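Observations on chain architecture
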Amino acid sequence: MAGLLLAAGEGARLGTPKALVKFGGERLVDRGVRLLEEGGCHPVVVVLGAATVQLRGAVTVRNPDWRTGMGSSLRAGLAALPLEATAVVVALVDQPLVRAGAVRALAASGAGLAVATYGGRRANPVLIAREHFAGVAELAVGDVGARAFMKAHPGLVTEVACDEHGDPADIDTPQDLELLEGR
C-alpha cells in the first residue's frame, strides 16, 4: 500500500504554500509524510507544485498543472505510483490533526475504495485500490479529487469511522492555523 500526499497548492488565503507552513514546529508536508509512513504506507509520494521542498524518505513529483486544482495533483500522483502498489492512501497536506490510525483503519477495512468518516461525514484520507486508479483519475478535475468517482460508484465505497483517529479540520487561513494550533 503506497501513500500519496497532495501538497501542490499555493495557499492563496493562507499567504504561503501549505506544504511550507509549520504546525507544532513541523512543516505540514513533513507531518503528512510521517502520517502515511506511520500508517504503513510505502512508498510515500508527495505531489508538489507551488513550492519546492526537500524531503527525506519520500518520492516527490512536480505537478506543472497545480494551478488547475487538486484533480491534476491526484492524477499526477496516481501516475507516479510504482506498479507494485496495489492500493494507495491519499491524504491532504492541510489536515494536521489526522493521525496514522486513520490510515491503518482504511487499510484494515479490506475495501477497494474506502473513505474516512468523522462524525458520520466523509473526509480524508481515502484508500483507492489499483483497479480504480484509472476511473478516479478520469473524474478528478478542477478541485475535485476522488469524490466524483465515489459519487458515481456509491456501491463500491466503504465508509470507515475514524473519529478516534483525529480530526479532518483543514488549514485554509491564518485564523484556521491559529485555531488548530490552540487545540
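In this report, we go over the structure that sits alongside the text. Everything numeric here is computed off the predicted structure, so don't read it as measured data. Each residue is numbered by its place in its chain's sequence as written, counting from 1. Local features in this predicted model are restricted to residues whose pLDDT is 70 or higher, and side-chain atom pairs enter the listing and the counts only when it is 80 or higher, whereas totals over whole chains, interfaces and linings include all residues. Values reported for side chains reflect all heavy atoms of the structure, with hydrogen atoms and water molecules removed beforehand.

On to the nonpolar core, then. Of all hydrophobic cores here, the largest spans 40 residues; its most connected members are Leu5, Val29, Leu36 and Val46. Counting residues in each nonpolar core, the second largest holds 27 residues, with Leu4, Val47, Val61 and Val157 among its members. Residues belong to a common nonpolar core when they are buried Ala, Val, Leu, Ile, Met, Phe, Trp, Tyr or Cys residues joined through side-chain atoms within 4.5 Å. The buried label goes to any residue with under 20% of its type's maximum accessible area, the exposed label to any with over 50%, and the partly exposed label to all in between, with areas taken from a 1.4 Å probe on protein chains only.

Another aspect to go through is the pairing of strand 7 (residues 113-118). Residues in a regular strand project their side chains so that they alternate between the two faces of the sheet. The buried fraction of strand 7 amounts to 6 of the 6 residues, a majority that puts the element mostly inside the structure. Counting from the N terminus, the helices are DSSP H or I runs at least four residues long and the strands are E runs at least two residues long. Neither face of strand 7 is open: one carries Leu113, Val115 and Thr117, the other Ala114, Ala116 and Tyr118, and all of them are buried. Relative to strand 8 (residues 121-129), strand 7 runs antiparallel, the two sharing 5 bridges. Within strand 8, the position partnered with Thr117 by the bridge is Arg122. Here 4 bridges tie strand 7 to strand 9 (residues 158-161), and the two strands are oriented parallel to one another. Across the sheet, Val115 pairs through a bridge with Glu159, a residue of strand 9. Pairs of strands are assigned from DSSP output, requiring at least two bridges between the strands.

Attention now goes to the pattern of salt bridges. Every case where a carboxyl oxygen of Asp or Glu lies within 4 Å of a side-chain nitrogen of Lys or Arg is listed as a salt bridge. Evaluated as defined, the whole model comprises 8 salt bridges. Put simply, Glu26 and Arg34 hold a salt bridge, and the shortest N to O gap is 2.6 Å. Glu38 is paired through a salt bridge with Arg34; the nearest N and O atoms lie 3.8 Å apart. Residue Glu38 and its partner Arg34 are located together in helix 1 (residues 28-38), separated by 4 residues, close to a single helical turn. Each of the salt bridges in this network shares a partner with another, and the network as a whole consists of Arg13, Lys18, Asp94 and Asp172.

Moving on: the sheet that holds strand 8. Strand order in the open sheet formed by 7 strands is 5-4-1-6-8-7-9, with mixed pairing between adjacent strands. For this open sheet the edge positions go to strand 5 (59-62) and strand 9, each flanked by a neighbour on one side alone. The average undirected angle you get between the axes of adjacent strands in this sheet is 25°. Contacting strand 1 (2-7), strand 4 (44-48), strand 5 and strand 6 (87-92), helix 2 (residues 70-80) crosses the sheet at an angle of about 150° to strand 1. Working rule for contacts: check all heavy atoms of both residues, and any pair within 4.5 Å makes them a contact. In this description, a line fitted to the C-alpha atoms serves as the axis of each element, helices being fitted only across the stretch in contact, and the angle between N-to-C directions of two axes falls anywhere from 0 to 180 degrees. Sitting on the sheet, helix 3 (residues 100-108) is in contact with strand 6, strand 7, strand 8 and strand 9, with an inclination near 55° to strand 8.

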